[in-house]
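Spelled out from the first residue to the last, the chains are:
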Amino acid sequence: MKKLATLFSDSYAELKQVRTLTIMAMFGAISIVLGYFTIVIGDYIKIGFSTIAGQMVYYLFGPVVGGCFGGALDILKYIVKPTGAFFPGWTFGAILAGVLYGMVFYKKPLTLGRVLFAEFLVSLICNVLLGTLWLNIMYGKAFLALLPMRAFKNLVMWPVNSMLFYTIAKTVEATGILRIIRGVKLMPGNNQ
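The rules behind the values
Residues numbered from 1 in each chain as written. Predicted model: local features only at pLDDT ≥ 70, side-chain atom pairs only at ≥ 80, totals over all residues. Heavy atoms only, no water. Core = buried A, V, L, I, M, F, W, Y, C linked by side-chain atoms within 4.5 Å. Buried < 20%, exposed > 50% of the residue type's maximum accessible area, 1.4 Å probe, protein only. Helix = DSSP H or I, 4+ residues; strand = E, 2+ residues; numbered from the N terminus. Salt bridge = Lys/Arg side-chain N within 4 Å of Asp/Glu carboxyl O. Patch = residues over 30% accessible without salt bridge, like charges linked within 9 Å, V, L, I, M, F, W, Y side chains within 5 Å. Areas by Shrake-Rupley, 256 points an atom, 1.4 Å probe, with all protein chains shown as cover. Phe/Tyr/Trp six-rings, centres within 6.5 Å; stacked < 30°, edge-to-face > 60°.

A. Quick peek at the nonpolar core. Core analysis: the largest hydrophobic core is formed by 31 residues, its most contacted members being Phe27, Phe105 and Phe165. Listing elements by their share of this core, those giving two or more residues are helix H2 (18–34), helix H3 (50–80), helix H4 (88–105), helix H5 (112–139), helix H6 (143–175) and helix H7 (177–182). With twelve residues, H3 is the single largest residue contributor to this core.

B. Geometry of the pattern of salt bridges. Tallied over the entire structure, the rule returns two salt bridges. The partner of Glu173 in a salt bridge is Lys170, with the nearest N and O atoms 3.2 Å apart. Here the residue Glu173 and the residue Lys170 both occupy positions in helix H6, the gap between them amounting to three residues, near one helical turn. On the basis of relative accessibility, which here comes to 27%, the residue Glu173 falls in the partly exposed class.

C. Spatial organisation of a nonpolar patch on the surface. On the surface, a nonpolar cluster with roughly 480 Å² of combined accessible area is contributed by Val33, Tyr36, Phe37, Leu76 and Val80. Take Val33: it is sitting in helix H2. For Val33, a relative accessible area of 48% translates into the label partly exposed.

D. Broad picture of the packing of aromatic side chains. Summed over all chains, the structure comprises nine aromatic pairs. The interplanar angle of 80 degrees and the centroid separation of 6.5 Å between the aromatic rings of Phe92 and Trp134 together place this pair among those described as edge-to-face. In this pair, Phe92 is assigned in helix H4 and Trp134 in helix H5, connecting sequence segments 42 residues apart. On the accessibility criterion, Phe92 (44% relative accessible area) is partly exposed. When its relative accessible area of 11% is taken as the criterion, Trp134 is described as buried. One aromatic cluster in this structure is built from Tyr58, Tyr59, Phe69, Tyr101, Phe105 and Phe165.

Below, the structure written as structure tokens:
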């Protein structure tokens with residue numbers, strides 16, 4: 001439990017830094033632009049790239065920053081490109097997803113197993129359970145009638161989203177960009 005408290009307090013300390021806020025804004029802009037590039041397969045399957053930018057924020061800065069980023073980005077995306085009526089449940093789901101991703105990724109090595117676990121956790125809790133509940137509340141459709149279709153969609157997308165983020169994150173990590181973003185000293189005497 002102490003490790004979890006430290007994880008949240010470290011992430012909260014990250015939120016107070018101007019560098020973090022600037023990087024969050026940059027990744028937010030990238031996420032909005034990437035939201036326009038979605039591959040649609042059939043009626044229910046969409047491969048989107050906007051979540052990758054968010055996942056990078058969760059990985060770099062943890063659950064507190066992740067929750068703030070997820071909620072703010074959800075509202076900003078709705079303002080920029082509204083799709084249907086605004087419902088605060090979706091914003092809550094985005095906040096919770098940011099917290100969950102942040103808890104799994106922050107200050108831990110990025111492995112395929114960790115990415116698969118995080119993606120499964122968020123898909124199950126935020127997308128399948130809460131997302132189905134939000135649709136039930138918004139449109140009055142039966143929860144149990146929606147659940148199998150939403151579970152199948154997320155089960156299909158789970159490995160796709162996991163491999164997409166893992167591949168891109170490892171590639172970006174190999175370039176050294178993440179060290180620069182984190183502000184790690186690259187050379188002796190460099191005070192970045």
